[in-house]
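Summary of structural features
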Amino acid sequence: MAITLMEGRKRQDWANLVLAVCLFVSPWVVGFAAEAMPSWNAWIVAVMLAALATAALSAFSEWEEWANLVLGLWLIVSPWVLGFAANASAMWTVIVLGVLVAAVSLWAVWDVHHPHAHA
């Protein structure tokens, strides 16, 4: 059972790593790379997410999932905090990816505190 739980968490960490890659390339794919604020926000958060996901893949710690949750929530509010909410493509990209990151992170935390749900 412990192996099954760990593999479940690894799926979530891989999901966060994929989301980090999506976030990193989003300024070019979605077309807001010319705007410094949303682009740098995406790149910096993507690198942090990738680092946390990679660390969690090698040795799981619950704090990494909480840190991912914070980064996901940051992505959701960053268009207004950093002032790029007028750019709809950048705004919706970081909001959608932020919601996905937060959801995957909450799922991982849920699995830590409710291991019997897999039995």
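Residues numbered from 1 in each chain as written. Predicted model: local features only at pLDDT ≥ 70, side-chain atom pairs only at ≥ 80, totals over all residues. Heavy atoms only, no water.

The name recorded for the protein in an unreviewed UniProt entry is Membrane protein, from Rhizobium favelukesii.

What follows is about the packing of helix 2 (residues 36-58) against helix 3 (residues 62-81). At a closest axis distance of 10 Å, the pairing of helix 2 and helix 3 adopts a crossing angle of 165°. The angle between helix 2 and helix 3 places the two elements in the roughly antiparallel class. In terms of crossing hand, the pair formed by helix 2 and helix 3 is left-handed. Contacts between helix 2 and helix 3 involve Asn 41, Val 45, Met 48, Leu 49, Leu 52, Ala 55 and Ala 56 from the former and Trp 63, Glu 64, Glu 65, Ala 67, Asn 68, Leu 71, Trp 74, Leu 75 and Ser 78 from the latter. (Axes fitted to C-alpha atoms, helices over the stretch in contact; angles between N-to-C directions. Helix = DSSP H or I, 4+ residues; strand = E, 2+ residues; numbered from the N terminus. Parallel < 35°, antiparallel > 145°, perpendicular 65-115°, else oblique. Left-handed = near helix turned anticlockwise from the far one by under 90°. Contact = heavy atoms within 4.5 Å.)

Residues shown with low pLDDT carry predicted positions that ought not to be read at fine detail. Summarising the model, the protein shows a mean pLDDT of 87, and 86% of its residues fall at 70 or more. Element-level pLDDT for the protein is lowest in helix 1 (residues 2-31), with a mean of 81, against a maximum mean of 94 in helix 2. Within the model, the stretch residues 1-8 combines pLDDT values under 50 with five contacts to residues more than four positions away or in other chains. (pLDDT = per-residue confidence, 0-100.)

Taken together, Val 21, Phe 24, Val 25, Trp 28, Val 29, Val 30 and Val 47 make up a surface patch of nonpolar side chains, about 630 Å² in accessible area. The element that contributes the greatest number of residues to the nonpolar patch is helix 1, accounting for six residues. Structurally, the position occupied by Val 30 is in helix 1. (Patch = residues over 30% accessible without salt bridge, like charges linked within 9 Å, V, L, I, M, F, W, Y side chains within 5 Å. Areas by Shrake-Rupley, 256 points an atom, 1.4 Å probe, with all protein chains shown as cover. Salt bridge = Lys/Arg side-chain N within 4 Å of Asp/Glu carboxyl O.)

To continue, consider the nonpolar core. With 17 residues, the main nonpolar core has Leu 19, Leu 23, Val 45, Leu 49, Leu 71, Leu 75 and Val 94 as its most contacted residues. Counting only elements with at least two residues in this core, the list comes to helix 1, helix 2, helix 3 and helix 4 (88-113). Once residues within four sequence positions are removed from consideration, Leu 75 is found in contact with Leu 23, Asn 41, Val 45, Val 94, Ile 95, Leu 97 and Gly 98. (Core = buried A, V, L, I, M, F, W, Y, C linked by side-chain atoms within 4.5 Å. Buried < 20%, exposed > 50% of the residue type's maximum accessible area, 1.4 Å probe, protein only.)

Moving on to the packing of aromatic side chains. Scanning the model with the defined rule gives four aromatic pairs in all. Ring geometry for Phe 24 versus Trp 28: centroids 5.9 Å apart, planes at 55°, classification tilted. Within this pair, Phe 24 and its partner Trp 28 are both found in helix 1, separated by four residues, close to a single helical turn. Given the relative accessible area of 33%, Phe 24 is considered partly exposed. With a centroid separation of 6.4 Å and 45° between ring planes, the pair formed by Phe 24 and Trp 43 is classed as tilted. With a gap of 19 residues between them, Phe 24 in helix 1 and Trp 43 in helix 2 connect regions that are remote in the sequence. Given a relative accessible area of 14%, Trp 43 falls into the buried group. By way of ring pairs, the aromatic residues Phe 24, Trp 28, Trp 40 and Trp 43 are connected into one cluster. (Phe/Tyr/Trp six-rings, centres within 6.5 Å; stacked < 30°, edge-to-face > 60°.)

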